[in-house]
Amino acid sequence: MAHIFGPVRSRRLGLSLGVDIVPAKFCTCNCIYCESGKTTSLTVDTKPYVTAGDIIPELRKRLGEIQGLSWITFSGAGEPTLNDNIGDIIDAIKKETAVPVCVITNGTLLGSPEVRQRLMHADLVMPSYHTAIEATFKKIVMPHPKITLASMTEGLVTFSKEFRGKLWIEVLVVAGYNDTDEEMRALKAVISRVRHDAVCMNTVYRPPAFDSARPVDEAKLARFKEMLDA
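Residues numbered from 1 in each chain as written. Predicted model: local features only at pLDDT ≥ 70, side-chain atom pairs only at ≥ 80, totals over all residues. Heavy atoms only, no water.

A look at empty space enclosed by the protein
Right, so step 1: Counting across every chain of the model gives one cavity of 30 Å³ or more.
Right, so step 2: Of the voids in this model, the largest cavity is the one considered here, and its volume is about 70 Å³.
Right, so step 3: Forming the walls of the largest cavity are 13 residues, and the residues nearest its centre are Asn106, His130, Phe137, Val141 and Met152.
Right, so step 4: In terms of residue class, the lining of the largest cavity is built from eight nonpolar, five polar and no charged. (1 Å grid on protein atoms, 1.4 Å probe; cavity = no way out; pocket = protein on both sides within 12 Å on 5 of 7 lines; lining within 4 Å. Points joined across faces, edges and corners; volume = space filled by probe spheres on them. Nonpolar A, V, L, I, M, F, W, Y, C, P; charged D, E, K, R; others polar.)

Set out below in C-alpha coordinates:
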(Lines give C-alpha, C1' and ligand atoms only; values in the text may rest on other atoms or scores of the structure.)
Protein backbone atom coordinates (compact mmCIF):
# COMPACT_ATOMS: atom_id res chain seq x y z
CA MET A 1 0.00 0.00 0.00
CA ALA A 2 1.36 3.43 -0.96
CA HIS A 3 1.18 5.95 1.87
CA ILE A 4 2.51 9.03 0.06
CA PHE A 5 0.50 10.73 -2.68
CA GLY A 6 0.78 13.84 -4.80
CA PRO A 7 2.09 16.42 -4.77
CA VAL A 8 -1.25 18.19 -5.02
CA ARG A 9 -1.73 21.85 -5.86
CA SER A 10 -4.03 23.18 -3.14
CA ARG A 11 -5.86 26.50 -2.96
CA ARG A 12 -5.02 26.75 0.73
CA LEU A 13 -1.65 25.04 1.02
CA GLY A 14 0.13 25.50 -2.29
CA LEU A 15 2.15 22.46 -3.37
CA SER A 16 1.38 19.75 -0.82
CA LEU A 17 2.63 16.18 -0.53
CA GLY A 18 0.03 13.92 1.07
CA VAL A 19 0.55 11.32 3.80
CA ASP A 20 -2.20 8.70 4.16
CA ILE A 21 -1.94 6.71 7.40
CA VAL A 22 -5.41 5.17 7.75
CA PRO A 23 -7.03 2.58 5.46
CA ALA A 24 -9.86 3.69 3.20
CA LYS A 25 -12.50 4.34 4.33
CA PHE A 26 -11.99 4.25 8.11
CA CYS A 27 -13.47 7.36 9.65
CA THR A 28 -15.28 8.68 12.70
CA CYS A 29 -18.00 10.20 10.50
CA ASN A 30 -19.90 9.60 7.28
CA CYS A 31 -19.99 13.18 6.03
CA ILE A 32 -22.51 13.87 3.29
CA TYR A 33 -20.07 16.13 1.42
CA CYS A 34 -17.00 13.86 1.51
CA GLU A 35 -15.17 13.68 -1.81
CA SER A 36 -13.68 10.31 -0.81
CA GLY A 37 -17.06 8.61 -0.80
CA LYS A 38 -19.15 6.98 1.92
CA THR A 39 -17.51 5.64 5.06
CA THR A 40 -17.29 1.86 5.07
CA SER A 41 -15.75 1.47 8.56
CA LEU A 42 -17.30 3.90 11.04
CA THR A 43 -15.09 3.80 14.13
CA VAL A 44 -13.61 5.78 17.02
CA ASP A 45 -10.99 3.15 17.90
CA THR A 46 -7.44 4.40 17.42
CA LYS A 47 -4.97 1.78 16.21
CA PRO A 48 -1.36 1.59 14.94
CA TYR A 49 -2.44 1.21 11.32
CA VAL A 50 1.00 2.14 9.99
CA THR A 51 4.23 3.23 11.66
CA ALA A 52 6.98 5.74 10.96
CA GLY A 53 9.00 2.83 9.60
CA ASP A 54 6.33 2.28 6.95
CA ILE A 55 6.24 5.95 5.98
CA ILE A 56 9.78 7.33 6.04
CA PRO A 57 11.47 5.26 3.27
CA GLU A 58 8.66 6.13 0.85
CA LEU A 59 8.68 9.78 1.93
CA ARG A 60 12.46 10.02 1.62
CA LYS A 61 12.29 8.80 -1.98
CA ARG A 62 9.55 11.28 -2.92
CA LEU A 63 11.34 14.19 -1.27
CA GLY A 64 14.31 13.49 -3.52
CA GLU A 65 12.08 13.79 -6.59
CA ILE A 66 10.11 16.96 -5.80
CA GLN A 67 11.13 20.60 -5.66
CA GLY A 68 9.25 23.52 -4.14
CA LEU A 69 7.04 21.73 -1.63
CA SER A 70 5.05 24.03 0.65
CA TRP A 71 3.66 21.41 3.04
CA ILE A 72 3.62 17.74 3.95
CA THR A 73 -0.02 17.08 4.73
CA PHE A 74 -1.72 14.29 6.64
CA SER A 75 -5.00 13.66 4.85
CA GLY A 76 -6.34 10.92 2.57
CA ALA A 77 -9.52 8.87 2.52
CA GLY A 78 -9.81 8.32 6.28
CA GLU A 79 -9.44 10.30 9.51
CA PRO A 80 -5.68 10.53 10.26
CA THR A 81 -6.06 10.89 14.03
CA LEU A 82 -7.42 7.31 14.13
CA ASN A 83 -3.79 6.21 13.75
CA ASP A 84 -2.31 6.27 17.25
CA ASN A 85 1.19 6.48 15.75
CA ILE A 86 0.52 9.89 14.18
CA GLY A 87 2.66 11.73 16.75
CA ASP A 88 5.66 9.47 16.15
CA ILE A 89 5.21 9.80 12.38
CA ILE A 90 5.11 13.61 12.61
CA ASP A 91 8.33 13.60 14.66
CA ALA A 92 10.03 11.24 12.21
CA ILE A 93 9.07 13.42 9.23
CA LYS A 94 10.41 16.54 10.93
CA LYS A 95 13.79 14.82 11.32
CA GLU A 96 13.88 14.19 7.55
CA THR A 97 12.92 17.60 6.18
CA ALA A 98 12.37 21.26 6.98
CA VAL A 99 9.10 21.25 4.97
CA PRO A 100 6.36 22.07 7.51
CA VAL A 101 3.78 19.47 8.52
CA CYS A 102 0.03 19.99 8.34
CA VAL A 103 -2.70 17.72 9.73
CA ILE A 104 -6.16 17.97 8.17
CA THR A 105 -8.66 16.45 10.60
CA ASN A 106 -12.41 16.38 11.11
CA GLY A 107 -11.69 17.32 14.73
CA THR A 108 -14.02 14.75 16.25
CA LEU A 109 -11.32 13.10 18.41
CA LEU A 110 -9.90 16.31 19.88
CA GLY A 111 -11.85 15.60 23.05
CA SER A 112 -9.20 12.96 23.78
CA PRO A 113 -6.10 14.28 25.63
CA GLU A 114 -4.02 11.55 23.97
CA VAL A 115 -5.08 12.61 20.48
CA ARG A 116 -4.39 16.27 21.25
CA GLN A 117 -0.93 15.41 22.54
CA ARG A 118 -0.07 13.46 19.38
CA LEU A 119 -0.66 16.57 17.27
CA MET A 120 1.48 18.95 19.31
CA HIS A 121 4.53 18.88 17.01
CA ALA A 122 2.61 19.63 13.80
CA ASP A 123 3.19 23.08 12.31
CA LEU A 124 -0.42 23.52 11.23
CA VAL A 125 -3.63 21.73 12.23
CA MET A 126 -6.81 22.25 10.22
CA PRO A 127 -9.84 20.92 12.12
CA SER A 128 -13.31 21.00 10.61
CA TYR A 129 -16.10 22.80 12.46
CA HIS A 130 -19.17 23.26 10.28
CA THR A 131 -21.94 23.90 12.79
CA ALA A 132 -22.53 24.62 16.47
CA ILE A 133 -26.05 23.15 16.38
CA GLU A 134 -26.38 19.49 17.37
CA ALA A 135 -29.18 18.55 14.96
CA THR A 136 -27.28 20.04 12.02
CA PHE A 137 -24.06 18.35 13.12
CA LYS A 138 -25.73 14.93 13.03
CA LYS A 139 -27.22 15.59 9.59
CA ILE A 140 -24.03 16.84 7.95
CA VAL A 141 -21.35 14.57 9.42
CA MET A 142 -23.40 11.55 10.59
CA PRO A 143 -20.89 10.76 13.36
CA HIS A 144 -20.16 7.54 15.21
CA PRO A 145 -22.69 7.18 18.09
CA LYS A 146 -19.97 7.85 20.67
CA ILE A 147 -19.14 11.27 19.20
CA THR A 148 -20.99 14.32 20.47
CA LEU A 149 -20.81 17.90 19.27
CA ALA A 150 -20.22 19.03 22.88
CA SER A 151 -17.13 16.82 23.25
CA MET A 152 -15.79 17.89 19.88
CA THR A 153 -16.35 21.58 20.72
CA GLU A 154 -14.64 21.43 24.09
CA GLY A 155 -11.82 19.41 22.57
CA LEU A 156 -11.26 22.08 19.93
CA VAL A 157 -11.30 24.89 22.49
CA THR A 158 -8.87 23.02 24.74
CA PHE A 159 -6.58 22.07 21.87
CA SER A 160 -6.41 25.68 20.70
CA LYS A 161 -5.11 26.69 24.14
CA GLU A 162 -2.52 23.91 24.29
CA PHE A 163 -1.25 23.94 20.70
CA ARG A 164 1.62 26.27 19.75
CA GLY A 165 1.44 25.86 15.98
CA LYS A 166 -0.98 27.46 13.55
CA LEU A 167 -4.67 26.55 13.74
CA TRP A 168 -6.97 27.08 10.77
CA ILE A 169 -10.64 26.24 11.27
CA GLU A 170 -12.33 24.76 8.22
CA VAL A 171 -16.01 25.56 7.72
CA LEU A 172 -17.84 23.93 4.84
CA VAL A 173 -21.27 25.34 4.02
CA VAL A 174 -23.86 22.96 2.57
CA ALA A 175 -27.04 24.33 0.97
CA GLY A 176 -30.12 23.52 3.03
CA TYR A 177 -28.11 22.39 6.06
CA ASN A 178 -25.94 25.08 7.66
CA ASP A 179 -26.51 28.01 5.30
CA THR A 180 -28.56 30.32 7.52
CA ASP A 181 -27.74 33.41 9.55
CA GLU A 182 -28.77 31.49 12.70
CA GLU A 183 -26.14 28.86 11.93
CA MET A 184 -23.45 31.49 11.38
CA ARG A 185 -24.27 33.32 14.62
CA ALA A 186 -24.02 30.06 16.58
CA LEU A 187 -20.80 29.19 14.78
CA LYS A 188 -19.28 32.58 15.53
CA ALA A 189 -20.05 32.19 19.23
CA VAL A 190 -17.98 29.00 19.36
CA ILE A 191 -15.17 30.19 17.10
CA SER A 192 -14.74 33.25 19.33
CA ARG A 193 -13.73 30.82 22.11
CA VAL A 194 -11.06 29.18 19.96
CA ARG A 195 -7.54 30.54 19.61
CA HIS A 196 -7.14 30.37 15.83
CA ASP A 197 -5.11 31.94 13.05
CA ALA A 198 -7.65 31.71 10.24
CA VAL A 199 -11.12 30.54 9.26
CA CYS A 200 -11.23 28.80 5.88
CA MET A 201 -14.77 28.85 4.53
CA ASN A 202 -15.67 26.65 1.57
CA THR A 203 -18.63 24.94 0.01
CA VAL A 204 -19.15 21.71 -1.93
CA TYR A 205 -16.91 21.70 -5.04
CA ARG A 206 -16.08 18.10 -5.86
CA PRO A 207 -18.61 15.24 -6.26
CA PRO A 208 -19.87 14.45 -2.74
CA ALA A 209 -20.64 11.12 -1.08
CA PHE A 210 -24.36 11.99 -0.97
CA ASP A 211 -26.37 13.80 -3.63
CA SER A 212 -28.08 15.89 -0.96
CA ALA A 213 -24.82 17.82 -0.43
CA ARG A 214 -25.11 20.87 -2.65
CA PRO A 215 -23.03 24.06 -2.83
CA VAL A 216 -24.08 27.57 -1.90
CA ASP A 217 -23.32 30.44 -4.25
CA GLU A 218 -20.18 32.55 -3.91
CA ALA A 219 -22.12 35.64 -2.78
CA LYS A 220 -23.64 33.81 0.19
CA LEU A 221 -20.29 32.27 1.03
CA ALA A 222 -18.66 35.71 1.05
CA ARG A 223 -21.41 37.14 3.29
CA PHE A 224 -21.03 34.30 5.77
CA LYS A 225 -17.26 34.82 5.80
CA GLU A 226 -17.85 38.48 6.71
CA MET A 227 -20.22 37.46 9.50
CA LEU A 228 -17.59 35.19 11.05
CA ASP A 229 -14.78 37.71 10.62
CA ALA A 230 -16.72 40.69 11.97
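Brief notes about the packing of helix 6 (residues 181-191) against helix 7 (residues 218-229)
A packed helix pair is summarised by two numbers, namely the angle formed by the two axes and the spacing between the axes.
Right, so step 1: Across the interface, helix 6 lies against helix 7 with an axial gap of 9 Å and an inter-helix angle of 35 degrees. In terms of crossing hand, the pair formed by helix 6 and helix 7 is right-handed. Listed contacts from helix 7 to Asp181, Met184, Arg185, Leu187, Lys188 and Ile191 of helix 6 are Arg223, Phe224, Met227 and Leu228. (Axes fitted to C-alpha atoms, helices over the stretch in contact; angles between N-to-C directions. Helix = DSSP H or I, 4+ residues; strand = E, 2+ residues; numbered from the N terminus. Left-handed = near helix turned anticlockwise from the far one by under 90°. Contact = heavy atoms within 4.5 Å.)

Topic: the environment of serine 75
Right, so step 1: Residue placement: serine 75 occurs in the loop between strand 5 (71-74) and helix 2 (86-96).
Right, so step 2: Separated by 30 residues in the primary sequence, serine 75 and threonine 105 place their C-alpha atoms 7.4 Å from one another.
Right, so step 3: Sequence-distant contacts of serine 75, that is, excluding residues within four places in its chain, are made with Phe5, Val19, Asp20 and Ile104.

Points about the sheet that holds strand 6 (residues 101-105)
Right, so step 1: Spatially, 1-2-5-6-7-8-9 is the arrangement adopted by the seven strands of the open sheet, whose pairing is mixed. Edge positions in the sheet fall to strand 1 (4-10) and strand 9 (198-203), since each of these pairs with one other strand and no more. Recorded for the sheet is a direction-independent mean angle of 25 degrees between the axes of neighbouring strands.
Right, so step 2: Of the strand pairs in this sheet, strand 1 and strand 2 (residues 14-19) are connected by five bridges, and their pairing is antiparallel. Bridging from a neighbouring strand, serine 10 pairs with glycine 14 of strand 2. (Pairing = 2+ DSSP bridges.)

What to know about unusual backbone geometry
Right, so step 1: Between glycine 6 and proline 7 the backbone carries a cis peptide bond, its omega angle lying at 15 degrees.
Right, so step 2: With an omega of -10 degrees, the peptide bond running from alanine 24 to lysine 25 counts as cis.
Right, so step 3: Secondary-structure assignment places lysine 25 in the loop between strand 2 and strand 3 (26-27).
Right, so step 4: One non-glycine residue, methionine 142, adopts positive backbone phi at about 40 degrees.

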